[in-house]
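The residues making up each chain are set out below.
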Amino acid sequence: MARTPNTDRPERGRGGERGERAPRGRGGEQSPREREESEFVDKLVHINRVAKVVKGGRRFAFAALVVVGDAKGRVGYGSGKAREVPEAIRKATEQAKRNMIKIALREGRTLHHDSFGHFGAGRVVLRAAPAGTGIIAGGPMRAVFETMGVQDVVAKCLGTSNPHNMIKATFAALTAMASPRSVAAKRGKKVGDIIGRRDGTAAAVTAA
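Quick caveat, the model's predicted, so the values are computed rather than measured.

Per-residue pLDDT for the protein chain has a mean of 81; in total, 74% of the residues score no lower than 70. When pLDDT is averaged over each helix and strand of the protein chain, the minimum, 59, is found for helix α6 (residues 191–207) and the maximum, 94, for helix α2 (residues 85–98).

Okay, here's the thing in structure tokens:
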């Protein structure tokens, strides 16, 4: 005797109630790692093709130089080498994120004071600028300021055009900078005293 199908039982499968599965995750929320990567801005400064002579020919590889920042004062640089360009950029980006430094910005747009830095044959001069000046810098230094979040600065590199030396000299100048808060903490004074003295000196120089 043939059995009649039970129509009251819900169907199984893709279209049935029991076949539907809830999407994984928490409603499309980003993971902490994705959120961290989204807040960083990275710029490829330089990529170089290097060749290694081996038996039977030459073996090529690529070296990448990348600058990473959060546009809020944090910035870092890194270099990576691999057989393929995307892998070299990925290595350089990871190294840059590990080597990030925090630089205090004046009014969130420029440097607190002028600074000098050098590395190898490269020498850089960084100068604070008034609002509306923009980023007056060339090549690798511009990438550093854009990823760091600086809006007004005047910079000049002397002695070399090597992007690696220019980047390292720029970071040497940035790490040598001091904010009014750190100076006041070292001297045991208030931040207002340091800023007032700086503004008074600038007004006297302008009047002279």
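Quick look at the sheet that holds strand β3 (residues 74–82) now. Judged by pairing direction, the sheet is antiparallel, and its 4 strands sit side by side in the order β1-β2-β3-β4 without closing on themselves. In the strand order of this sheet, the two ends are held by β1 (41–54) and β4 (101–102), each with one partner. Both β1 and strand β2 (residues 57–69) contribute to a ladder of 13 bridges, which runs antiparallel. Following the sheet pairing, V50 is matched in β2 by A61. Across the sheet, helix α3 (residues 140–148) lies against β1, β2 and β3, angled at about 140° from β1, the strand it touches most.

Here we come to the packing of α3 against helix α4 (residues 163–175). The packing of two helices is summarised by the inter-axis angle and the distance between the axes. Packing of α3 against α4 brings their axes to within 9 Å, and their N-to-C directions diverge by 45°. Of the possible angle classes, the one that applies to α3 and α4 is oblique. The handedness of the crossing between α3 and α4 is right-handed. Facing α3, whose interface residues are P140, M141, V144, F145 and M148, α4 presents P163, M166, I167, T170, F171 and L174. Looking at the contact of α3 with α4 residue by residue, the classes come out as 10 nonpolar, 1 polar and no charged.

Quick look at the environment of S115 now. Following the sequence through the fold, S115 ends up in strand β5 (residues 115–119). Classification of S115 by relative accessible area gives buried; the value is 4%. Not counting residues within four places of it along the chain, the set of residues in contact with S115 comprises V124, V125, L126, A173, A176 and M177. Side-chain polar atoms of S115 contact the backbone oxygen of A173, separated by 2.7 Å.

What counts and what doesn't
For every chain, the first residue of the written sequence is number 1, and numbering continues from 1 along that sequence. Totals for whole chains, interfaces and linings use every residue, but because this is a predicted model, local features are given only for residues with pLDDT of at least 70 and side-chain atom pairs only at 80 or more, for both listing and counting. Water and hydrogen atoms were dropped before computing side-chain values, which therefore reflect all heavy atoms in the structure. Residue-level confidence of the predictor is summarised by pLDDT, bounded by 0 at the bottom and 100 at the top. In DSSP terms, a helix is any run of H or I states spanning at least four residues, a strand is any run of E spanning at least two, and both are numbered starting from the N terminus. Here the rule is simple: two strands pair whenever DSSP picks up at least two bridges between them. Any two residues whose heavy atoms approach within 4.5 Å are treated as being in contact. Each axis is a line fitted through C-alpha atoms, and for a helix only the stretch in contact is used; angles between axes span 0 to 180 degrees, taken between their N-to-C directions. Orientation is classified from the angle alone, with under 35 degrees giving roughly parallel, over 145 giving roughly antiparallel, 65 to 115 giving roughly perpendicular, and any other angle giving oblique. Here a crossing is called left-handed whenever its near helix is offset anticlockwise from the far helix by less than a right angle, and right-handed whenever the offset is clockwise. Charged residues are taken to be Asp, Glu, Lys and Arg, nonpolar residues to be Ala, Val, Leu, Ile, Met, Phe, Trp, Tyr, Cys and Pro, and polar residues to be all remaining types, Gly included. Type-normalised accessible area, obtained with a 1.4 Å probe on protein chains alone, sets the label of each residue: buried when under 20%, exposed when over 50%, and partly exposed for intermediate values. Definition of a polar contact: a pair of N or O atoms within 3.5 Å, with one able to donate and the other able to accept a hydrogen when the atoms are protein atoms, and with sequence-neighbouring residues admitted only if both atoms are side-chain atoms.

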